Amino acid sequence: MPWLLYTFLAINLWCISNILDKNVVSKRIKNPVMVVGVSSIACIIFALLAFLFFKASLSFIGIALGFLYVAILLLYYRAMQLDEASRVVALYSITPLIVAIFAYIFLKESFGSEKYFGVILLIIGAIVITLKKDIRSKAIRSTFIGVMTTLLLLWSTYEVALKYFVGIDSFVSIFASM
């Protein structure tokens, strides 16, 4: 039964992370580039430690995925600035659908009907959560939709590419290079 505890813990940590992210980009550090810069410093330190202790080799694929991840983070923080955390996270939950489509097209993976049913439930949940009267201007709404669409497509691309390249290159080298 420890899986239930781990699942509960992971969900709660993810919730706390999203609330803290919203707080940071809305009230503390208004520039998402600064937030990403601080987290990138921590990643660079981790990469140096990985190269030293795990004898990881430099992976250009990992570097490219790292830059893609930075772009994803910038879009995520921008979305958090534009709208409520609950709406951003709800729309973000559509990612499994896009990943499933990309994995089917590029990795030739397919899932059973129960997994597709789960993805459909996620989409219905995202739609229900985001359906509320929107009093923001049309320009802000369209900016938010553009940011979220780009974020979802980039994140899905990142996930599928990561799965593909981890099968080709060393796991440690890819993550250390990111």
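Residues numbered from 1 in each chain as written. Predicted model: local features only at pLDDT ≥ 70, side-chain atom pairs only at ≥ 80, totals over all residues. Heavy atoms only, no water.

Undergrad: What is the right way to look at helix 1 (residues 2–28) in this model?
TA: One full turn of an α-helix is made of 3.6 residues, so residues set three or four places apart face in the same direction. Over its 27 residues, helix 1 runs 37 Å from end to end, which matches the ideal 39 Å to within 8%, given 1.5 Å per residue. All buried positions along helix 1 are accounted for by Asn18, Asp21 and Val25. At its buried positions, helix 1 is contacted by helix 2 (32–53), helix 3 (60–82) and helix 4 (85–92). (Helix = DSSP H or I, 4+ residues; strand = E, 2+ residues; numbered from the N terminus. Expected span 1.5 Å × (residues − 1). Buried < 20%, exposed > 50% of the residue type's maximum accessible area, 1.4 Å probe, protein only. Contact = heavy atoms within 4.5 Å.)

Undergrad: Could you clarify how one ought to interpret the packing of helix 1 against helix 4 in this entry?
TA: Packed helix pairs are characterised by how far apart their axes lie and by the angle those axes make with each other. Taken N-terminus to C-terminus, the directions of helix 1 and helix 4 make an angle of 130 degrees; their axes are 10 Å apart at the nearest point. Considering their axes alone, helix 1 and helix 4 lie oblique with respect to each other. Crossing geometry of helix 1 relative to helix 4 is assigned as right-handed. Side by side, helix 1 and helix 4 meet where Trp14, Asn18 and Lys22 of the first sit next to Ala85, Val89 and Tyr92 of the second. Considering only residue class, the contact of helix 1 with helix 4 consists of four nonpolar, one polar and one charged. (Axes fitted to C-alpha atoms, helices over the stretch in contact; angles between N-to-C directions. Parallel < 35°, antiparallel > 145°, perpendicular 65-115°, else oblique. Left-handed = near helix turned anticlockwise from the far one by under 90°. Nonpolar A, V, L, I, M, F, W, Y, C, P; charged D, E, K, R; others polar.)

Undergrad: Explain the packing of helix 5 (residues 95–106) against helix 6 (residues 113–130) to me, please; I cannot follow it from the model alone.
TA: Across the interface, helix 5 lies against helix 6 with an axial gap of 8 Å and an inter-helix angle of 140 degrees. As judged from the angle between their axes, helix 5 and helix 6 are oblique. On helix 6, the residues touching Pro96, Leu97 and Ala100 of helix 5 are Tyr116, Val119, Leu122 and Ile123.

Undergrad: Where do I start with the packing of aromatic side chains in this structure?
TA: As enumerated under the stated definition, the model contains seven aromatic pairs in all. Centre to centre, the rings of Tyr164 and Phe165 are 5.0 Å apart; their planes meet at 75 degrees, and the pair counts as edge-to-face. Overall, Tyr164 belongs to the partly exposed group, its relative accessible area being 45%. The exposure class assigned to Phe165 is partly exposed, which follows from its relative accessible area of 24%. (Phe/Tyr/Trp six-rings, centres within 6.5 Å; stacked < 30°, edge-to-face > 60°.)

Undergrad: What should I look at first to understand helix 2 in this one?
TA: For helix 2, which comprises 22 residues, the first-to-last C-alpha distance of 32 Å matches the rise-based estimate of 32 Å (1.5 Å per residue) to within 8%. When we look at burial in helix 2, the residues that qualify are Pro32, Val35, Val36, Ala47 and Ala50. Considered in projection along helix 2, the buried side chains sweep an arc of 105 degrees and stay on one side of the axis. Across from the buried face of helix 2, at angles greater than 90 degrees, the exposed residues are Val38, Ile41, Ile44, Leu48, Leu52 and Phe53. (Arc of directions from axis to C-beta.)

Undergrad: Explain the pattern of salt bridges to me, please; I cannot follow it from the model alone.
TA: A pair can form between side chains of opposite charge whenever their charged atoms are brought close. This model, assessed by the stated rule, comprises two salt bridges. A salt bridge links Asp83 to Arg87; the nearest nitrogen and oxygen atoms lie 3.4 Å apart. Both residues of the pair, Asp83 and Arg87, belong to the buried class. Of the charged contacts, one joins Glu109 and Lys163 as a salt bridge, the two residues approaching to 2.4 Å between their closest N and O atoms. Taken together, the residues span a long stretch of sequence, with Glu109 in the loop between helix 5 and helix 6 and Lys163 in helix 7 (residues 138–166) at a distance of 54 residues. (Salt bridge = Lys/Arg side-chain N within 4 Å of Asp/Glu carboxyl O.)

Undergrad: Just checking my understanding: could you explain the side chain of Ser156 for this structure?
TA: Along the chain, Ser156 turns up in helix 7. In this structure Ser156 touches Thr95, Ile98, Val99 and Phe102, once residues within four positions along its chain are discounted.

Undergrad: Would you explain a nonpolar patch on the surface in this entry?
TA: Residues Ile41, Ile45, Leu49, Leu52, Phe53 and Phe54 make up a contiguous nonpolar surface patch of about 680 Å² in total accessible area. Along the chain, Ile45 falls in helix 2. (Patch = residues over 30% accessible without salt bridge, like charges linked within 9 Å, V, L, I, M, F, W, Y side chains within 5 Å. Areas by Shrake-Rupley, 256 points an atom, 1.4 Å probe, with all protein chains shown as cover.)

Undergrad: Can you walk me through unusual backbone geometry in this structure?
TA: Negative phi is the rule for most residues except glycine; trans is the rule for most peptide bonds. You will see that Lys108, though not glycine, has its phi angle at about 60 degrees, which is positive. Looking at the element boundaries, Lys108 is found in the loop between helix 5 and helix 6.

Undergrad: It is not clear to me how the side chain of Ser93 should be interpreted in this structure. Could you clarify?
TA: Position of Ser93 among the secondary structure elements: in the loop between helix 4 and helix 5. There is a polar contact of 2.5 Å between the side chain of Ser93 and the backbone oxygen of Ala90. (Polar contact = N/O pair within 3.5 Å; in protein donor to acceptor, adjacent residues only side chain to side chain.)

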